[in-house]
Amino acid sequence: MVLMVGETARAANFSLGGYARDTNRHLAGSGVIYFPNVAACGTDTATSLPCMFSNLGTGAFSVGAARAQENVLDVLMRTGVRVNWLENNSGCKGVCERIPTQTMPVTGVPQLCGGDGCYDEILLPALQRELSETREDRLIVLHLMGSHGPSYFKRYPPPGPFQPTCDTNRIQSCQRMELVNTYDNTIDYTSKVIAEAIRIADRHTQNLDVAMLYMSDHGESLGENNIYLHGIPPLLAPREQKEVPMIGWIAPSAASTFGLTRRCLAAVAGRPFSHDNLFHTLLGFHAVRTNTYRPELDLFAIAREAAVCPKS
């Protein structure tokens with residue numbers, strides 16, 4: 001499993017979900033399934049990221065409670081799955097503290113790195129290397145910089161397809177269309193990184209059963225009702241901060257192994273999902289059986305029960 005954790009990507013700006021602009025052009029023909037109805041656990045990374053990997057669920061989650069118990073990465077490691085975290089953001093908020101972690105460089109690759117970090121493509125050679133070395137059950141997590149604000153213009157190689165842009169972190173000083181253009185450029189670039197990750201994974205399908213999931217940690221406000229950025233308490237937060245994109249891809253060999261087809265996943269893609277599904281989906285994918293596993297929250301188990309899915 002290749003798990004790509006997005007940053008500050010909101011579902012409202014994904015053309016795969018109906019957004020008028022083609023922000024996901026790089027994923028055309030890639031065979032991905034888009035899940036348009038996914039809710040985030042929180043509206044900031046410090047809450048959402050630990051919650052995604054916890055079994056507490058959105059209603060019962062607290063950062064303190066999550067730190068006092070194992071998350072799904074710990075469970076997988078303890079049951080023999082090799083887990084690695086590839087970091088290109090500002091840290092994993094404690095999620096990966098017991099997991100082998102590789103932090104991407106912030107300089108040294110002129111075409112990908114600037115003064116304050118590297119574009120997310122820096123993760124791709126590391127993914128290629130990890131997959132080439134895989135000989136056992138494996139989870140590889142890529143933590144993207146994604147659409148981290150307010151300096152959206154620094155998250156993609158310029159110029160980006162949508163112009164003019166807001167090339168400052170003082171986003172309230174820009175025209176709203178400039179701000180939206182810049183943010184849409186980050187989504188376009190994230191789509192490119194996802195597409196490249198799928199191409200890398202696809203090159204290993206003769207030896208590996210590979211699947212990929214992309215899920216963002218929280219959304220973002222871009223000036224709607226004069227609200228910017230994120231972090232408003234969930235009960236008060238606008239939908240732009242709470243509705244996040246999720247994308248799935250599964251290689252044909254893996255689909256056969258797991259009794260799935262792309263049609264199975266597509267049949268359930270429109271159902272309501274949330275960060276609460278990730279813990280159980282990862283356990284189910286890696287065939288870990290524990291009292292905390294709930295098949296009714298396992299995305300792949302749900303898809304296998306779809307009427308159009310072949311039964312075996």
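Above this text is the structure in question.
Here goes a summary of the coordinates provided.

Definitions and cut-offs
- Residues numbered from 1 in each chain as written.
- Predicted model: local features only at pLDDT ≥ 70, side-chain atom pairs only at ≥ 80, totals over all residues.
- Heavy atoms only, no water.
- Buried < 20%, exposed > 50% of the residue type's maximum accessible area, 1.4 Å probe, protein only.
- Helix = DSSP H or I, 4+ residues; strand = E, 2+ residues; numbered from the N terminus.
- Pairing = 2+ DSSP bridges.
- Core = buried A, V, L, I, M, F, W, Y, C linked by side-chain atoms within 4.5 Å.
- Salt bridge = Lys/Arg side-chain N within 4 Å of Asp/Glu carboxyl O.
- Disulfide = S-S within 2.5 Å.
- Axes fitted to C-alpha atoms, helices over the stretch in contact; angles between N-to-C directions.
- Parallel < 35°, antiparallel > 145°, perpendicular 65-115°, else oblique.
- Left-handed = near helix turned anticlockwise from the far one by under 90°.
- Contact = heavy atoms within 4.5 Å.

Focus: the pairing of strand 8 (residues 211-216)
Where burial is concerned, most of strand 8 is hidden: 6 out of the 6 residues are buried. Burial of strand 8 is two-sided: the residues Ala 211, Leu 213 and Met 215 facing one way and the residues Met 212, Tyr 214 and Ser 216 facing the other way are all buried. Bridge count between strand 1 (residues 2-6) and strand 8: 5 bridges; the pairing is parallel. Bridge pairing in strand 8 links Val 5 to Met 215.

Describing the sheet that holds strand 1
Sheet strands associate in pairs through backbone hydrogen bonding, adopting either a parallel or an antiparallel arrangement. Taken in spatial order, the 8 strands line up as 4-3-7-1-8-11-2-12 in an open sheet, and their pairing is mixed. This sheet does not close on itself; its edge strands, each paired only once, are strand 4 (101-103) and strand 12 (273-274). Where strand 2 (residues 33-39) lies against strand 12, 2 bridges are found, and the strand directions are parallel. If you follow Ala 39 over to strand 12, its bridge partner there is Ser 274.

Brief notes about the nonpolar core
Ranked by size, the top nonpolar core spans 51 residues in total, and within it Leu 3, Phe 53, Leu 73, Leu 76, Trp 85 and Leu 139 carry the most contacts. Core analysis: the second largest hydrophobic core is formed by 47 residues, Ala 11, Cys 118, Cys 166 and Ala 251 among them.

Here's the deal with the pattern of salt bridges
One side chain can pair with another of opposite charge once the charged atoms of both are near each other. Under the counting rule described, the total for this entry stands at 14 salt bridges. When the shortest N-O distance is used, the salt bridge between Arg 98 and Glu 97 registers 2.7 Å. According to the relative accessible area criterion, Arg 98 is partly exposed, its value standing at 41%. Among the ionic contacts, a cluster of salt bridges with common partners joins Arg 67, Asp 74, Glu 97 and Arg 98.

Focus on the state of the cysteines
Enumeration over the complete set of coordinates arrives at 5 disulfides. Here Cys 41 is linked by a disulfide to Cys 51, with a sulfur-sulfur distance of 1.9 Å. Every disulfide takes its handedness from the sign of the S-S torsion; for Cys 41 and Cys 51 that torsion is 75 degrees, giving right-handed. Linking Cys 41 in the loop between strand 2 and helix 1 (45-52) with Cys 51 in helix 1, this pair joins segments that are 10 residues apart in sequence. At a sulfur-sulfur separation of 2.2 Å, the disulfide partner of Cys 92 is Cys 96. On the S-S bond that ties Cys 92 to Cys 96, the torsion sits near -90 degrees, and the link is left-handed. The connectivity of the disulfides in the protein chain is 1-2, 3-4, 5-6, 7-8, 9-10, where the numbers refer to bonded cysteines in sequence order.

What to know about unusual backbone geometry
At the junction of Gly 149 and Pro 150, the peptide bond is cis and its omega measures out at 0 degrees in the coordinates. With respect to the secondary-structure elements, Pro 150 resides in the loop between strand 7 (138-143) and helix 5 (176-202). Here the amide bond leading from Gln 163 into Pro 164 is cis, since omega sits at -5 degrees, within 30 degrees of zero. Mapped onto the fold, Pro 164 is located in the loop between strand 7 and helix 5.

What about the packing of helix 4 (residues 123-132) against helix 5?
Remark: helix 4 packs on helix 5, axes separated minimally by 10 Å, with the N-to-C direction vectors making an angle of 20 degrees. Taken together, the axes of helix 4 and helix 5 are roughly parallel relative to one another. Between helix 4 and helix 5 the crossing geometry is right-handed. Residues Leu 124, Leu 127, Gln 128 and Leu 131 of helix 4 touch helix 5, and the partners they reach there are Val 193, Glu 196, Ala 197, Ile 200 and Ala 201.

Some details on the environment of Pro 238
Its location among the elements puts Pro 238 in the loop between strand 10 (228-229) and helix 6 (239-242). If sequence neighbours within four positions are ignored, Pro 238 has contacts with Ser 221, Ile 227 and Ile 232.

Description of the environment of Asn 24
Following the sequence through the fold, Asn 24 ends up in the loop between strand 1 and strand 2. For Asn 24, a relative accessible area of 3% corresponds to the buried category. In this structure the C-alpha to C-alpha distance between Asn 24 and Ser 191, which are 167 residues apart in sequence, comes to 5.5 Å. Here Asn 24 is in contact with Phe 14, Ser 15, Leu 16, Ile 187 and Ser 191, once residues within four sequence places are set aside.

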